[in-house]
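# Observations on chain architecture
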Amino acid sequence: MDEKVSMPPQVLTELYTLMLEIRKVQLKIAEYYPEDEMRTPIHLYIGQEAIAAGICANLNADDYVFSNHRGHGHYIAKKGNLNTMIAELYNKETGCSRGRGGSMHLVDTSVGLLGSSSIVAGGIPLATGAALASVFRNDSRVSVAFFGDGAAEEGVLYESINFAVLKKLPVIYVCENNLYSVCSPINRRQPGQDIYKRVEGFSIPACSIDGNDVIAVYKVASQAIDDARKGGGPYFIECKTYRLTDHHDRKTGVEIGYRTQEEWDEWAAKCPIKNLEGILRAQNLINNHKLNEIENAIDERIKVAFNFARTSPLPDRNELYKYLYS
Amino acid sequence: MPWTKFIAGNQDYPSEVQEISDDLRKITYSEAIREALDQALAHDERVFIMGQGVDDPGGVFGATLNLHKKYGSIRVFDTPLSENALTGIAIGSALAGMRPFYCHNRPDFLLLTMDQIVNHASKWSYMFGGTAQVPLVIWSVTARGWGSAAQHSQALQGLFMHIPGLKLVMPSTPYDAKGLIISSIADNNPVIILEHRWLFKQTGYVPEEIYSVPLGKGIVRRQGADVTIVAVSYMTMEALRAAEKLASAGISAEVIDLRTLKPLDEEIILNSLQKTGRLVIADTGWKTGGISAEIAAIVSEKGFDFLKKPIKRIACRDVPTPASYILEEEFYPDINDLVSAVMELV
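Computed from a predicted model, the values in this text were never measured in an experiment.

### Examining the overall build of chain A
- A tally of regular secondary structure across chain A gives twelve helices and eight strands.
- Along the three orthogonal principal directions, the C-alpha set of chain A runs to about 55 × 50 × 40 Å.
- Burial statistics for chain A: of 326 residues in total, 50% are counted as buried.
- In chain A, once contacts between residues fewer than 6 apart in sequence are set aside, the share between residues at least 24 apart is 75%.

Written as structure tokens, this is what we have:
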């Protein structure tokens, strides 16, 4: 707890607000999804908010991020435009990807989010390449690749790390180990559950942290990103976490039997937002009034975004070929 | 944009230039490639060259020879094998504003990179509504002969032609090799260039200055009236030899070099066919589901009424490339196959 006290209060509030916004957007998507107006597969980020928030709070607007199929949290944490994100889920021309990408392909180049790949591990070399561009230009930018535990089963992760270490690239590999690939638990897919230990052989600094502890994520990210920016090379952060919803459903996954209620309850009790709220209250950094203010501001942003999305036009069917080439 | 003036000033020199003027500068095909890369590196600091062996003593058949000495080992660098990740790394650097040129000495290894080429590079512009672009060139050299066999000789243009969002280039002359590389590097999209090893020693006219040959434009290499031979890459050379032989038998063959398969110059094919009414398609790759199949399909959709005879396709036999030279002779199409095909049409 002493360590946690050392965090500047405004950073703690920022992290709290960011996580709450990610959570509330997810819940609103889940609420409206059954209306069938968002015709795109939705992969909710509920339970994992501390990771996107703790990492991205350390990034500059022009730092690069590559996301994956479960990308809503990364997009919001990198300060992507919420209106265009929701419009993308509603398949609209005003969407961040002009209705061509959908939920799994969010982008906002104005804040350095250069795209999201739904091929597991697909974004990892892309972030590595963006970091190579930063080295060419000597521009001090850092690149981040977000990916899940499933990506540790793809060769391209190890190929990318090999190159990043070789060239000392400013790239941070953030593995969100939520223990499941769709319905398959990690112990049926990988020998040993510490992914970070597997990459240490490349001489990349690597660690495993509690991905539900936003302060822990923030602190390790702060050091890793700072080092990378100064030319210290890449870093691998494994964040142990849990998605509280099903792979692409608002349910828990307990109903269909691939995980137990007991396991789910255990992780639900480790909610990163409630965790931080407790710390903020204990430090008297937040009270009900302040909390209401934060919630109301978030609710208003969400309302505006959904209204923007619902009232936006669909793409023109005559523009099917538009954007095929740049 | 630093490339605009070269693209705007497309020089498209006629194939006859080579024959009419002996005092024009002639260099080899591999020297032309090297010159294009040299000038691109000098012209635009965003351009860099990567690939296994680009700085080795041979310089990928001469194409990258000593460029690392001139531009340094940051901009011209050897890579780990890791072809799939390195392709993604090239794409990522392109998304962040660079113009990578990624060399492979064999297209067979591109099969290890299909995830990054097909799932990522080709889709990024479309999938993100044009907000991001991938100005990437992937360059590779198809081998033939000397027992190169099944995994070191594949001509995979059929696979790449299938994928929306890619551009696909197959030069056949030193002039085009240089000009098409310049166009490909200047292009804001992922471009695959498939070279053919047997073209590297040929010499031809190549201007010293930087210039471009447009993507998506074929060229008539030889005028003719009786039959159209549409060819790509090395098969253009076989087609020109066949046309020469046919001429002595009184048959006038028109030879079209497509130069770019994607976008495909349909107009040049249909215009020629309208004149000749007979079509032979010559490819360096397999027949089934390949580029000759696609071109034949386009012609039957758009030029059926021009056809006096069925279309003939000259392509590799549908088996893996054999090693033994006696079987290689059976596997690869040559001038005799072309001449026989034409003789059956006229």
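### A closer look at the sheet that holds strand β2 (residues 47-51) of chain B
Residue and element names in this part refer to chain B.
- Here we have seven strands laid out as an open sheet, ordered β3-β2-β4-β5-β7-β6-β12, and mixed in their pairing. Each edge of the open sheet is held by one strand with a lone partner, namely β3 (76-77) and β12 (260-262).
- Here strand β5 (residues 137-142) runs beside strand β7 (residues 191-196); their pairing, made up of six bridges, is parallel. Looking at β7, one finds that Ser140 is bridged to Leu194.
- Along the sheet, helix α5 (residues 83-95) makes contact with β2 and β4 (99-104), crossing β4 at roughly 165 degrees.

### Some words on the domain arrangement of chain B
All names here are of chain B.
- With domains assigned, chain B is organised as domain 1 (18-205) and domain 2 (219-345).
- Once you take the C-alpha centre of each, domain 1 and domain 2 turn out to be 25 Å apart.
- Taken together, the contact between domain 1 and domain 2 spans 26 residues of the former and 24 residues of the latter.
- Those elements that place two or more of their residues in the side of domain 1 that touches domain 2 are α8 (157-161), β6 (167-169), α9 (174-186) and β7.
- Residue composition of the side of domain 1 that touches domain 2, grouped by class: 14 nonpolar, nine polar and three charged.

### Quick look at the nonpolar core
- Residues A:Met19, A:Ile172, A:Val174, A:Ile237 and B:Ile229 are the most contacted members of the largest nonpolar core, which totals 197 residues.
- In contact with B:Ile229, not counting residues within four places along its chain, are B:Ala239, B:Ala242, B:Ala243, B:Ala253, B:Val255, B:Val280, B:Ala282 and B:Leu338.

### With respect to the interface of chain B and chain A
- Each side of the interface is counted separately: chain B has 34 residues, and chain A has 32 residues.
- Among the elements of the structure, α5, α6 (114-121) and α7 (124-127) of chain B are those that each provide at least two residues to the side of chain B that touches chain A.
- The leading source of residues in the side of chain B that touches chain A is α5(B), at ten residues.
- Along the lines of polarity and charge, the residues of the side of chain B that touches chain A split into 16 nonpolar, 17 polar and one charged.

### A closer look at the packing of helix α5 (residues 82-89) of chain A against helix α12 (residues 288-311) of chain A
Residues and elements named next belong to chain A.
- Packing of α5 against α12 brings their axes to within 8 Å, and their N-to-C directions diverge by 45 degrees. Between α5 and α12, the crossing angle belongs to the class labelled oblique. Remark: the crossing between α5 and α12 carries right-handed chirality. On α12, the residues that touch Leu82, Asn83, Ile86, Ala87 and Leu89 of α5 are Arg301, Val304, Ala305, Phe306, Phe308 and Ala309.
- Classifying every residue of the contact of α5 with α12 by side-chain character gives nine nonpolar, one polar and one charged.

Analysis parameters
- Residues numbered from 1 in each chain as written.
- Chains lettered and ligands numbered in written order.
- Predicted model: local features only at pLDDT ≥ 70, side-chain atom pairs only at ≥ 80, totals over all residues.
- Helix = DSSP H or I, 4+ residues; strand = E, 2+ residues; numbered from the N terminus.
- Buried ≥ 20, exposed ≤ 12 C-beta atoms within 10 Å, placed from the backbone.
- Contact = placed C-beta atoms within 7 Å.
- Pairing = 2+ DSSP bridges.
- Axes fitted to C-alpha atoms, helices over the stretch in contact; angles between N-to-C directions.
- Domains from an automatic or database assignment.
- Nonpolar A, V, L, I, M, F, W, Y, C, P; charged D, E, K, R; others polar.
- Core = buried A, V, L, I, M, F, W, Y, C linked by C-beta atoms within 7 Å.
- Parallel < 35°, antiparallel > 145°, perpendicular 65-115°, else oblique.
- Left-handed = near helix turned anticlockwise from the far one by under 90°.

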